[in-house]
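# Observations on the three-dimensional arrangement
Single-letter residue listing:
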Amino acid sequence: MKKVLALVMVLALALSFVACGGGSATVKTGLAIVSGTSPKDATADEAGLAQVDSTVAAVLVDANGKIVACKLDVAQNKIPVAADGTFDMNLTFQSKQELKEGYNMKGASPIGKEWYEQADAFAAYVIGKTAAEVEAIAVAGDHSGPDVADLAATCTMNVVDFKAAIVEACNNAQDLGAKATDTLGLGLSTEMSSSSKAPDADGDGLVQADTTYAAVTYGKDGKITSARVNATQAKFDVTAEGKVTAKGEIVPKMEQKDAYNMKGASPIGKEWFEQAGAFEAYAVGKTAAELAALPAGGHTTEPAADLAATCTMDIAAFTDAISRAAA
């Protein structure tokens, strides 16, 4: 009888382990962006600059609020502005993670580490921590690097925005179907907005860079198990004298909700965040390649018939960011 009871207890424990975790536990997917602008006026001797730095964090959080996966990146978009207010409207951009050694920080680093290496080290360091524990990580020095002994050999750069983005991503994480065993990806897609224009006789010009972000989880079969998307628009007024001025705070579109004010122009009466949310749900169960194969619908026609009632806006930036998240 004792052997039978022992066997029953072992089986019960095994079933409990399978149900509660063992790698198959459900986790929440979070995505957050922290942005800041650095405008600089042009002079006769030096170009001005419309610059925006958007730090983004993607996380997976377990039932206890602990981080089980984390990815970090920055869209550092720099647009030079000439003394007459003109600028290149066909610029292309890479994130800091995509630049790798091309970011060229290693020579100035006291530990000889490139930006992506230090960012990856910080992302690895927060695994197993809660949002409160991440927020409590001490920083010090002129560059606000982590004041933590076991990080000193791998990360010395400014981590203030890393911390803020990770904390926000943990706090907004949602149960969208991801498992602890899934692979977390983060992709960024930036382009010069078609709204950009040079100053002319009618008034000031506009520099606008739009970045789309995707946090995606993939199962072992390569299919998407959860998706979070968001976007930012960085806008700068530019004058014919080369003066560059940032146009207000950058608030991600998902956070703007109805204030983004797209509903009135939408053929289906849906706001940006609603359509983006519909696309997130549509992406689940598909591969990045399948999404990339969808023809871009533009602002008037959505190519996928099963999306038409919920999303009619251009999905090209979404699919590009998701493709980059899979790389």
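Residues numbered from 1 in each chain as written. Predicted model: local features only at pLDDT ≥ 70, side-chain atom pairs only at ≥ 80, totals over all residues. Heavy atoms only, no water.

Time to look at the overall build of the protein chain. Secondary structure assignment for the protein chain yields 9 helices and 9 strands. The burial tally for the protein chain puts 45% of its 327 residues in the buried class. Across the protein chain, every contact between residues at least 6 apart in sequence was considered, and the portion connecting residues at least 24 apart equals 63%. Accessible area of the protein chain: about 15700 Å², with a carbon and sulfur share of 54%. (Helix = DSSP H or I, 4+ residues; strand = E, 2+ residues; numbered from the N terminus. Buried < 20%, exposed > 50% of the residue type's maximum accessible area, 1.4 Å probe, protein only. Contact = heavy atoms within 4.5 Å. Areas by Shrake-Rupley, 256 points an atom, 1.4 Å probe, with all protein chains shown as cover.)

A word on helix α7 (residues 272-283). The first and last C-alpha atoms of α7 sit 17 Å apart over 12 residues, in line with the 16 Å expected at 1.5 Å per residue. The element α7 is largely enclosed, with a buried count of 9 among its 12 residues. Considered for burial, the residues of α7 that qualify are Trp-272, Phe-273, Gln-275, Ala-276, Ala-278, Phe-279, Glu-280, Tyr-282 and Ala-283. Buried residues in α7 make contact with β8 (224-238), α6 (253-256), α8 (288-292) and α9 (316-326). Two residues or fewer past α7, Gly-285 is found with a positive phi of approximately 95°. (Expected span 1.5 Å × (residues − 1).)

What follows deals with the confidence of the model for the protein chain. In this model, the protein chain carries a mean pLDDT of 91, and residues with pLDDT of at least 70 account for 90%. Counting contacts from residues 1-22, a segment whose pLDDT is below 50, to residues more than four positions away or on other chains yields 3 contacts. (pLDDT = per-residue confidence, 0-100.)

Turning next to the packing of α7 against α9. Packed helix pairs are specified by the crossing angle of their axes together with the interaxial distance, meaning the distance between the axes. Running from N to C, α7 and α9 cross one another at 45°; their axes reach a closest spacing of 11 Å. Considering their axes alone, α7 and α9 lie oblique with respect to each other. In this structure, α7 meets α9 at a crossing whose hand is right-handed. Contacts between α7 and α9 pair Trp-272, Ala-276 and Phe-279 from the former with Phe-318, Thr-319 and Ile-322 from the latter. Residue composition of the contact of α7 with α9, grouped by class: 5 nonpolar, 1 polar and no charged. (Axes fitted to C-alpha atoms, helices over the stretch in contact; angles between N-to-C directions. Parallel < 35°, antiparallel > 145°, perpendicular 65-115°, else oblique. Left-handed = near helix turned anticlockwise from the far one by under 90°. Nonpolar A, V, L, I, M, F, W, Y, C, P; charged D, E, K, R; others polar.)

Another point: the environment of Val-74. Tracing the chain through its elements places Val-74 in strand β3 (residues 67-81). In sequence terms Val-74 and Phe-162 are 88 residues apart; their C-alpha atoms lie 9.4 Å from each other. Leaving out residues up to four positions away in the same chain, Val-74 has contacts with Asp-53, Ser-54, Thr-55, Ser-95, Lys-96, Trp-115, Phe-162 and Leu-188.

Here we come to the sheet that holds strand β2 (residues 48-61). Reading across the sheet, the 3 strands line up as β1-β2-β3 and stay open at both edges, with antiparallel pairing between neighbours. Since the sheet does not close on itself, it has two edges, and those belong to β1 (28-37) and β3, each with one partner. Ignoring which end each strand starts from, the neighbouring axes of this sheet average 15° apart. Pairing between β1 and β2: 10 bridges, direction antiparallel. Bridging across to β2, Thr-37 finds its partner in Val-52. Sheet contacts for helix α5 (residues 160-172): β1, β2 and β3; angle to β1, the most-contacted strand, approximately 145°. (Pairing = 2+ DSSP bridges.)

Moving on: the environment of Thr-245. Considering the arrangement of structural elements, one finds Thr-245 in strand β9 (residues 244-246). Assessed through its relative accessible area of 35%, Thr-245 is described here as partly exposed. Put simply, Thr-245 and Ala-50 are 195 residues apart on the chain and 8.0 Å apart in space, counted from C-alpha to C-alpha. Residues in contact with Thr-245, not counting those within four places in the same chain, are Lys-235, Phe-236 and Asp-237.

Phi is positive for Asn-104, which is not a glycine, with a value near 65°. In this structure, Asn-104 sits in the loop between α2 (96-99) and α3 (115-125). For Asn-104, a relative accessible area of 62% corresponds to the exposed category. Of note, the phi angle at Asn-261 is positive, near 65°, even though the residue is not glycine. Summarising the element assignment, Asn-261 is placed in the loop between α6 and α7.

Turning next to the environment of Ala-325. On the secondary structure map, Ala-325 appears in helix α9. If we ignore the near neighbours within four places in the chain, the residues touching Ala-325 are Gly-185, Leu-186, Gly-187, Ala-214, Val-216 and Tyr-218.

Moving on: the nonpolar core. Among soluble globular proteins, nonpolar side chains are generally buried collectively. Cys-70, Leu-72, Trp-115, Phe-122, Val-126, Phe-162 and Ile-166 are the most contacted members of the largest nonpolar core, which totals 32 residues. When residues of this core are traced back to their parent elements, those giving at least two are β1, β2, β3, α3, α4 (131-135) and α5. Residues contacting Phe-162, with those up to four places away along its chain left out, are Thr-55, Leu-72, Val-74, Trp-115, Ala-119, Phe-122 and Met-157. Core analysis: the second largest hydrophobic core is formed by 26 residues, Trp-272, Phe-273, Ile-315 and Ala-321 among them. (Core = buried A, V, L, I, M, F, W, Y, C linked by side-chain atoms within 4.5 Å.)

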